[in-house]
Amino acid sequence: MSTSTDQSRAVAAPAPSKFAVIREDEYLAPFEPAIQHRTDKFANWVETINTHEGGFDKFSRGYEKYGFIVEKNNDITYREWAPNALAAYLVGDFNGWDRNANPMKKNDFGVFELTIPNTNGQPAIPHNSKVKISMEIPGGERIERLPAWSKRVIQDMTVSPLYDAVFWNPPQTYTFKNKRPPTPRATKIYEAHVGISSPEPKIGSYKEFTKDVLPRIKALGYNTIQLMAIMEHAYYASFGYQVTSFFAISSRYGTPEELMELIDTAHGMGLTVLLDVVHSHASNNSLDGLNMFDGSGHQYFHEGPKGRHELWDSRLFNYGSHEVLRFLLSNLRFYMEVYQFDGFRFDGVTSMMYTHHGIGAGFSGGYHEYFGENVDEEAVVYLMLANTMIHDLYPHSITIAEDVSGMPALCRTVQEGGIGFDYRLSMAVPDMWIKLLKESKSDMSWDLGNICFTLTNRRYKEKSICYAESHDQALVGDKTLAFWMMDKEMYTNMSELTELTVVVDRGLALHKMIRLITHALGGEGYLNFEGNEFGHPEWLDFPRAGNNDSYQHARRQFNLIEDDLLRYKYLWRFDQSMNLLEDEFQWLSSPQAYVSLKNESDKVCVFERGNLLFVFNFHPTDSFTDYRVGTDWAGKYKVVLSSDDENFGGHDRIDKSVEHFTTPMEWNGRKNWLQLYVPSRTVQVLAH
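Just so it is clear, the structure is predicted and the values come from calculations on it, not from any experiment. (Residues numbered from 1 in each chain as written. Predicted model: local features only at pLDDT ≥ 70, side-chain atom pairs only at ≥ 80, totals over all residues. Heavy atoms only, no water.)

**Things to note about unusual backbone geometry**
Alright, step 1. Of note, the phi angle at Asp626 is positive, near 50°, even though the residue is not glycine.
Alright, step 2. Relative to the helices and strands, Asp626 resides in strand β25 (residues 624–631).
Alright, step 3. The residue Asn668 is not glycine, and still its phi comes out positive at about 55°.
Alright, step 4. For Asn668, the position within the fold is in the loop between β27 (659–661) and β28 (672–678). (Helix = DSSP H or I, 4+ residues; strand = E, 2+ residues; numbered from the N terminus.)

Rendered as structure tokens:
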């Protein structure tokens, strides 16, 4: 017989987690020790930086201490961290490349230093003259390297493909005229590459981009620019993803001051400017990169296989090193402070966060895949430090993670148990669209349920940047949406002087529908790669040996939208109208859409978001009269955007002057319904 004491036994409820991400997602509870461990490591680094470096503000100003610093009296101080080197010398045009003329002193932390007095009050090293550091390393070898903190490197292909570092000290510095714009309510990104932004087969310039492309971006309704391939890279065809000099902007496009003018001009237009930053790896080059900088393989990078990316043939940073953290965090601060960027899109975050770098890893969504021995905790902690520093010093900044894995809490603050990004890229969405266009036997086989699931499958309280296609799909070897749908007919049937073929008609219609359903249903931000908005007719292929170093496909033909006889203008206009409508009704900053209908036989999809009712008919041939759709909002409706407008290359089957009224009766789980004419392959958006 039980006693009263026995009967009072009860299992105490576990104490609520201190991490918000676990309180909101009980499936993360088993992994609280891992979240706690990385958070503790983060806290330890913060304490170390605060105690020994005076905090993030001072620690991240390494560019004001390392490299070439011009003192107020025009003396020049040069510092370089090279712990493996036994001796170091500064050489260059200024001393006739005498390897022993200017020796440097080494301190206990492996930092070499030299001060060169001014000459008659002027810097002893002329502006734009070539310089290198020459080092003696164990074994007696003498090596020359480009200063790691170089702010300017140049390439003369007529002499050598290798870069030269120059001392950059222009007589007139650029003065920014415009303040940074406020953080966008919802980020609409125009992803751009300065070099390819000219219709001519050449490398475009910062000045040309400022004059010719910025006004187009503004007119299209985008509020943010993401600049690619800015950090200097030895090989143009690497798309900027094999960085050699992290503090030098690409000299192919112009000078530092011309990039500053570009960003300043964009700010004057109210445009936010993000840098596509590559801290996931570095070029394998040693003569003009960081690899083997001081003669060792473990200065900036891990030694052995851990320090090499087998697919990218590049070096991987040691994120657990104090000096590497100084270098990388200062690199971010440099671009925010000196160039006035407003934030970053971090490339290759999946590669950083996992020891397998995502190679051969298919992420099923099981939480065990995101924690444990496969996670590179040092890299994750670096991302936590980077995000915290950026947001603490620049509260209005934006950080975006390129992550295909779906790491939970990636876009939650460190205090909540997260990693600290503002947005993640919805990389599964463009893959879905390409797979549909590539593998579907017919448009009738499209699975609306899967399309809607993929577009809405995102984590609670974590923002996503959604996109139908980015630069990845534009590159040679893949195809853009327009090319998958219209292919060779883009060269023969995009003229108004030719008949509208079935292929082109389908391509124009679906291009608009795919982009709008992605924009409206897929996230809290949107991204477009330049040229894709008007269905650019050629792939992107940089000059290389395989194409006889041709620039034919390394350009964007903006001239096509200005030719009134071509149909590309229709897609451009629709993209503009789509963005401007979002400005008015703000669906990207509204709660996630409610999808009330996914009719697989009719191929009709209906949802509400941002006080708008979206009605898509993906059916290739069938139009529907008096089609009943549900809505929670009673009252009068009017069509505010129709993809079938003649102005967008459509057939003008939707009369936008007609007013529609709801009937108070439940339909598809909504409180009211209204009836519409829903033509085939169209989307119409109705305002309540």
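Still to come is the rest of the account.
**Some thoughts on the side chain of Thr662**
Alright, step 1. Within the secondary structure, Thr662 is located in the loop between β27 and β28.
Alright, step 2. A distance of 2.8 Å separates a polar atom in the side chain of Thr662 from the backbone nitrogen of Gly635.
Alright, step 3. With residues up to four places along the chain from it excluded, the contact list for Thr662 reads Thr631, Trp633, Ala634, Gly635, Tyr637, Asn672, Trp673 and Leu674. (Polar contact = N/O pair within 3.5 Å; in protein donor to acceptor, adjacent residues only side chain to side chain. Contact = heavy atoms within 4.5 Å.)

**Some thoughts on the environment of Glu499**
Alright, step 1. Here Glu499 lies in the loop between α13 (481–486) and α14 (502–521).
Alright, step 2. Judged by relative accessible area, which is 62%, Glu499 ranks as exposed.
Alright, step 3. Counting along the chain gives 133 residues from Glu499 to Asp632, while the straight-line C-alpha distance between them is 43 Å.
Alright, step 4. Here Glu499 is in contact with Asn493 and Arg567, once residues within four sequence places are set aside. (Buried < 20%, exposed > 50% of the residue type's maximum accessible area, 1.4 Å probe, protein only.)

**With respect to the packing of α14 against helix α16 (residues 568–585)**
Alright, step 1. Viewed as axis vectors pointing N to C, α14 and α16 meet at an angle of 20°, and their least axial separation amounts to 10 Å. Between α14 and α16, the angle falls in the class roughly parallel. Handedness of the α14/α16 crossing: right-handed. In this structure, α14 uses Leu508, His511, Lys512, Arg515, Leu516 and His519 to contact α16, whose residues at the interface are Leu571, Phe574, Asp575, Met578, Asn579 and Glu582.
Alright, step 2. Partitioning the contact of α14 with α16 into residue classes produces five nonpolar, three polar and four charged. (Axes fitted to C-alpha atoms, helices over the stretch in contact; angles between N-to-C directions. Parallel < 35°, antiparallel > 145°, perpendicular 65-115°, else oblique. Left-handed = near helix turned anticlockwise from the far one by under 90°. Nonpolar A, V, L, I, M, F, W, Y, C, P; charged D, E, K, R; others polar.)

**Topic: the nonpolar core**
Alright, step 1. Formed by 187 residues in total, the largest nonpolar core has its most connected members in Leu227, Phe346, Tyr382 and Trp433.
Alright, step 2. The greatest single-element share of this core, amounting to 10 residues, is contributed by helix α9 (residues 377–393). (Core = buried A, V, L, I, M, F, W, Y, C linked by side-chain atoms within 4.5 Å.)

**Description of the sheet that holds strand β29 (residues 682–687)**
Each strand in a sheet pairs with its neighbour through backbone hydrogen bonds, running either in the same direction (parallel) or in the opposite one (antiparallel).
Alright, step 1. What the six strands build is an open sheet, ordered β22-β23-β24-β29-β26-β27; its pairing is antiparallel. The open sheet is flanked by β22 (594–599) and β27, the only strands paired with a single partner. Taken pair by pair, the neighbouring strands of this sheet meet at an average axis angle of 25°, ignoring direction.
Alright, step 2. Here six bridges tie strand β24 (residues 612–617) to β29, and the two strands are oriented antiparallel to one another. If you follow Phe616 over to β29, its bridge partner there is Val683.
Alright, step 3. Most of the contacts of helix α11 (residues 448–456) go to β22, to which it runs at about 160°, and overall it touches β22 and β23 (604–609). (Pairing = 2+ DSSP bridges.)

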